[in-house]
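Here is what each chain is made of, one letter per residue.
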Amino acid sequence: MNYLLLTHGAGGNRNAPLLVALANAFSEHGVEVVRYDLPFRQDRPNGPPRPGDAARDREGLREEILKIREKHHPQEIWLGGQSYGGRQSSMLAAEEPGLADRLLLLSYPLHAPGKPQQLRTAHFPKLNVPVLFVHGSRDPFGSLEEMRSAIKLIPAPVTLMEAEGVGHDLGRNHAALASKIASAFLSVAG
């Protein structure tokens, strides 16, 4: 059995509607999904991560992956998250090759809104696992054109799934989008 460890954005938690919808969609395909609150969220129920939280959040993800491996012995472990959670997941995968087998990155925050010169892609050339990016056409954290350019830095197979007409939150039709994401991810992962 394959496992997907999913985490949330800076303002959310493991119960974000899109993460719940994704857990349901993947479980219909026989994938076990673990929705995970990052350490900063475990400490504080509200508010964004602080500048010093990122390394600890990645360590929390790493520990959770190791727990899943030890307890369940999955065929593969896939790692993913929305916005901040996706960024930390991708950074962890770059720092520790072999820890995760694939990445699912929802609304990757390519840059802060209005600051396209400050790209968050330094680790992209170190990603050596397949990646599915899901990105809204109206996302202020990076345009689709900027995403297409940035993903060229990744040496592994990359797919960009465009969500038309939605922003950073990927819209409100969570169940339909989650179903499309699961199908796209599993066809790439297959």
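This text goes with the structure placed above it.
Right, let's walk through the structure included here. (Residues numbered from 1 in each chain as written. Predicted model: local features only at pLDDT ≥ 70, side-chain atom pairs only at ≥ 80, totals over all residues. Heavy atoms only, no water.)

## Observations regarding the nonpolar core
Counting 33 residues, the largest nonpolar core has Leu79, Leu103 and Phe133 as the members making the most contacts within it. Only β1 (3-7), α3 (53-72), β3 (77-82), α4 (84-95), β4 (102-106), β5 (131-136) and α5 (144-150) provide two or more residues apiece to this core. In this structure, phenylalanine 133 is in contact with Leu105, Tyr108, Phe124, Met147, Ile151, Ile154, Val158, Thr159, Leu160 and Met161, ignoring residues within four places of it in sequence. Grouped together as the second largest cluster of nonpolar side chains are 26 residues, Leu6, Ala16, Leu106 and Ile181 included. (Core = buried A, V, L, I, M, F, W, Y, C linked by side-chain atoms within 4.5 Å. Buried < 20%, exposed > 50% of the residue type's maximum accessible area, 1.4 Å probe, protein only. Helix = DSSP H or I, 4+ residues; strand = E, 2+ residues; numbered from the N terminus. Contact = heavy atoms within 4.5 Å.)

## Regarding the packing of aromatic side chains
Applying the stated criterion across every chain yields a total of six aromatic pairs. With 6.0 Å between their ring centres and 55° between their planes, phenylalanine 124 and phenylalanine 133 make a pair best called tilted. The same class applies to phenylalanine 124 as to phenylalanine 133, namely buried. Connected via pairs of aromatic rings, a cluster forms that spans Phe26, Trp78 and Phe185. (Phe/Tyr/Trp six-rings, centres within 6.5 Å; stacked < 30°, edge-to-face > 60°.)

## Quick word on the packing of α3 against α4
Where α3 contacts α4, the axes come no closer than 9 Å and their chain directions differ by 70°. The orientation of α3 with respect to α4, classified from their angle, is roughly perpendicular. Of the residues in α4, those touching α3 at Asp53, Ala54, Asp57, Arg58, Leu61, Arg62 and Ile65 are Tyr84, Gln88, Ser89, Met91, Leu92 and Glu95. (Axes fitted to C-alpha atoms, helices over the stretch in contact; angles between N-to-C directions. Parallel < 35°, antiparallel > 145°, perpendicular 65-115°, else oblique.)

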